[in-house]
Amino acid sequence: MQGFLLLNKPANMTSFGAVARIKRLSGEKRVGHTGTLDPMATGVLPIFLGRATALSSYLIEADKEYTAKIKLGVATDTCDITGSVLSSNTVNVTDEALLSVLDSFRGKILQTPPMYSAIKKDGVRLYELARQGRTVDIPKREVTVYSIELLSPLDADNTFEISVRVSKGTYIRSLARDIGERLGCGATLTSLTRTKTSGFTLSDCVSLDDLTEENIEKYLMSEEKAIEYIPELFVTERQAIRFTNGGQLGFERIKSREFKPDELYRIKFEDKFLGIGYADCENSEIAIKCVINKL
């Protein structure tokens, strides 16, 4: 089985667990997701099956959108409500102060990922070190918060909701922690939903509970749909055979095209998507990134 599936990941399940369920339902061993969601989080989780798993990396780089609920006055070791409480503080924050702090996070920022994360330090996942009671220095990374909006103001429980659009590598748990620190009272994430990634939204997704062995194929889309942002490059049948057999395609044999160094292309013969190539201008040829379908 091969294709592209958009899953609305349920809460209290790891992304790995969701992939394992898809493997069982589809009977396909090669299954991979694009961009981990925390167990407590829900929302858009793109999944590739079969040879299409080679395309996973082309979606990981995409910007992502979330809605998040954040509780002020509490700080935890995981930066979300599932962790152990490190401190509890009185909250004296006005809506005006909250809006001002949220506004200060727009644009490029330096962010420290949470200790409980899948980032590796000397080959070991940070969450594994955290479970051993160890802490290490985590380098800050530059990320971009393209937008951050207050959806609902502080309630009686000192909780508010935001929507954010962020670049790859942004931790919303860290954003919640940093908002709390800047307000001087601490904060932790209480819920998170990924609402959009790679142009796909929750309305495009299927619930895991709705999938069965009998109907999963019905929800599979062509893997090409996941990478439609990459320009098409149509080739002849002979070129298609050469490409799918691992051969490069010389520029001189491809008509009406000016190639930019390292630009990616969806290689197609008529309506059939074959794989991804890139412009190797140094050697004047289309080189192969991956072959997904044979003629």
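Details of the structure are given in the entry above.
These notes cover the structure that comes with them. Remember, predicted model here, so these are calculated numbers, not experimental data. All residue numbers refer to position in the chain's written sequence, counted from 1. Local features in this predicted model are restricted to residues whose pLDDT is 70 or higher, and side-chain atom pairs enter the listing and the counts only when it is 80 or higher, whereas totals over whole chains, interfaces and linings include all residues. With hydrogens and water excluded, all non-hydrogen atoms of the structure serve as input to the side-chain values.

1. Side note on the pattern of salt bridges
- Each salt bridge in this description consists of a side-chain nitrogen of Lys or Arg and a carboxyl oxygen of Asp or Glu lying within 4 Å of one another. As enumerated under the stated definition, the model contains twelve salt bridges in all.
- For Glu149, the salt bridge goes to Arg106, with nearest N and O atoms at 3.5 Å. With a gap of 43 residues between them, Glu149 in strand β10 (residues 141-152) and Arg106 in the loop between α3 (95-104) and β7 (107-111) connect regions that are remote in the sequence.
- Classification of Glu149 by relative accessible area gives partly exposed; the value is 40%.
- Accessibility expressed as a relative area gives 33% for Arg106, which makes it partly exposed.
- Note that Asp178 and Arg177 form a salt bridge whose closest N and O atoms lie 2.9 Å from each other. In terms of burial, Asp178 and Arg177 fall into one category: buried.
- Each of Glu224, Glu232, Arg266 and Lys268 takes part in one network of salt bridges that share partners. In this text, helices come from DSSP runs of H or I with a minimum length of four residues, and strands from runs of E with a minimum of two, each type numbered from the N-terminal end. Buried means the residue's accessible area, taken with a 1.4 Å probe over protein chains only, is under 20% of the maximum for its type, while exposed means over 50%, and partly exposed covers the values in between.

2. Quick look at the sheet that holds strand β17 (residues 264-269)
- Read from one edge to the other, the open sheet built from five strands follows the order β15-β17-β18-β19-β16, with strand pairing classed as mixed. Of all the strands in the sheet, just β15 (232-234) and β16 (249-250) have a single pairing partner and so form its edges.
- The pairing of β15 with β17 spans three bridges and is classified as parallel. Bridge assignment links Leu233 to a residue of β17, and that residue is Ile267.
- Only heavy atoms matter for contacts: two residues are in contact if any of them lie within 4.5 Å across the pair. The axes used here are C-alpha line fits, helices contributing only the stretch in contact, and every angle between their N-to-C directions lies in the interval 0 to 180 degrees. On top of the sheet, helix α7 (residues 237-244) reaches β16, β17, β18 (272-280) and β19 (285-291); it is set at about 75° to β18, its chief contact. Strands are treated as partners if at least two bridges between them are detected by DSSP.

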